[in-house]
Amino acid sequence: MDWSAMFRDMLVGNLDMLTDIAKIIFPLLIGIELADELGILDKVSQLFTPVLKYFNLPSEAGLPLIVSQIFGITYGAGVIIRIVDEDKLSTEELMSLGIFLAICHAVIEDTLLFIAIGGRGVIMLGTRILLAISLTYIYSNYLVSDNIKANSGLSQTAVKEGVRSYD
Amino acid sequence: MIDLSNALKRGFKKAFITYLDLIKVIVPVYVLVTFFRHFGIIDYLAGIFSPMMQLFGLSGEAVVVLLTGYFLNLYAAIGAISGLQLGIREITILGTMLGLAHSLIIEGAVMKKMRVNVLTLIILRIVASLAVGIILNLIL
């Protein structure tokens, strides 16, 4: 048991990792804030809105999806935490987003790393994107829609009853 | 009215708060995982899961890559792959399996902040990873 080696590993590894994260988190979140101020983010999110509809997700989900693909889930978490704090997404919408991101994030970087050591990129990237899209589609359209249908059914009855009682 | 200097300050403040949030999650997990590694617990697990690797068309030693990727991160897994002599087929299978599921402890802790059911997501990732490994072994 080499305790000094272990603690040296922890310290060096920690410092390196925290420096790397700082290098991405600070420019990223400052950049996002500037892009937000300039109205760029709304335009990029709008590009994704048609795709997000298939997963029953609002346009707010576009930004964490993009950031997580480019910078990874740890870095995308900064954006996601912000959106969660603002209560813009429902529990089901967060889970749809969670399923997609758990399976598919930082795909550009991850795939390039494995291509560099000899893996076949088409298979590695294709499998991940295909699985993320199909699993999120199944969850958001078949596992969640029952609840939503039940709720909207209830509210419609409630409205009808309300109208009747008003009459 | 566009106010860039104010946006810059706001961004810095948000980045700082987020950075502290992430440190609070990442540092304890990283220390714990390093302890596991130095006490040989990860090596011990590698020995137990060896026979299972045949299902994915991988040699027994490749379990070290899978476990390193699942418990630590992709960089560590890539280091392990480089240390072993693996072919294109094995690296492609490992790369796909690890792409689907990696850094499960750290990413799980980070995703907890999203207020989602993290345990479900981790199980989903592992099942997807193992199933894809078996399927790729059959079709590649």
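Remember, predicted model here, so these are calculated numbers, not experimental data.

1. Some points on the interface of chain B and chain A
Between chain B and chain A, the residue contacts involve 56 residues of the former and 55 residues of the latter. Regarding the contact of chain B and chain A, the summed buried area is about 5,100 Å², with carbon and sulfur atoms giving 78% of it. Across the contact surface, chain B and chain A share 4 salt bridges. When the shortest N-O distance is used, the salt bridge between Glu33 of chain A and Arg10 of chain B registers 3.0 Å. Of all elements in the fold, only α1 (4–38), α4 (74–83), α5 (88–100), α6 (104–112) and α7 (118–139) of chain B reach the threshold of two or more residues within the side of chain B that touches chain A. Residue contributions to the side of chain B that touches chain A peak at 22 residues, all from α1 of chain B.

2. Some words on the packing of helix α7 (residues 121–143) of chain A against α5 of chain B
Where α7 of chain A contacts α5 of chain B, the two axes come as close as 9 Å, and the packing angle between them is 30 degrees. Compared by their axis directions, α7 of chain A and α5 of chain B come out roughly parallel. The way α7 of chain A lies across α5 of chain B gives a crossing that is right-handed. Residue-level contacts link Ile123, Met124, Thr127, Arg128 and Leu131 of chain A of α7 of chain A to Thr92, Gly95, Thr96, Gly99 and Leu100 of chain B of α5 of chain B. Class assignment of the residues belonging to the contact of α7 of chain A with α5 of chain B gives a composition of 4 nonpolar, 5 polar and 1 charged.

3. Re helix α4 (residues 73–85) of chain A
Residues and elements named next belong to chain A. Between its terminal C-alpha atoms α4 stretches 17 Å, which fits the 18 Å expected from 13 residues at 1.5 Å a residue. A bend of about 30 degrees at Val79 is the largest found in α4. Taken across its 13 residues, α4 has 12 buried, putting it largely inside the fold. Inspection of α4 places Ile73, Thr74, Tyr75, Gly76, Ala77, Gly78, Val79, Ile80, Ile81, Arg82, Ile83 and Val84 among the buried residues, and these make up the whole buried set.

4. Thoughts on unusual backbone geometry
At Asn56 of chain A, a position not held by glycine, the phi torsion is positive, near 55 degrees. Its location among the elements puts Asn56 of chain A in the loop between α2 (40–53) and α3 (62–71). Even without glycine at this site, Ser103 of chain B takes up a positive phi of about 45 degrees. Relative to the helices and strands, Ser103 of chain B is located in the loop between α5 and α6. The exposure class of Ser103 of chain B is buried, given its relative accessible area of 8%.

5. A few points about the confidence of the model for chain A
Of the residues in chain A, 77% reach a pLDDT of 70 or more, and the chain-wide mean stands at 77. In the predicted structure, residues 149–167 of chain A sits below a pLDDT of 50 and forms 0 contacts with residues beyond four places in sequence or in another chain.

Conventions adopted
Residues numbered from 1 in each chain as written. Chains lettered and ligands numbered in written order. Predicted model: local features only at pLDDT ≥ 70, side-chain atom pairs only at ≥ 80, totals over all residues. Heavy atoms only, no water. Contact = heavy atoms within 4.5 Å. Buried area = accessible area lost by both parts, 1.4 Å probe. Salt bridge = Lys/Arg side-chain N within 4 Å of Asp/Glu carboxyl O. Helix = DSSP H or I, 4+ residues; strand = E, 2+ residues; numbered from the N terminus. Axes fitted to C-alpha atoms, helices over the stretch in contact; angles between N-to-C directions. Parallel < 35°, antiparallel > 145°, perpendicular 65-115°, else oblique. Left-handed = near helix turned anticlockwise from the far one by under 90°. Nonpolar A, V, L, I, M, F, W, Y, C, P; charged D, E, K, R; others polar. Expected span 1.5 Å × (residues − 1). Bend = angle between axes of the 7 residues up to and from the residue. Buried < 20%, exposed > 50% of the residue type's maximum accessible area, 1.4 Å probe, protein only. pLDDT = per-residue confidence, 0-100.

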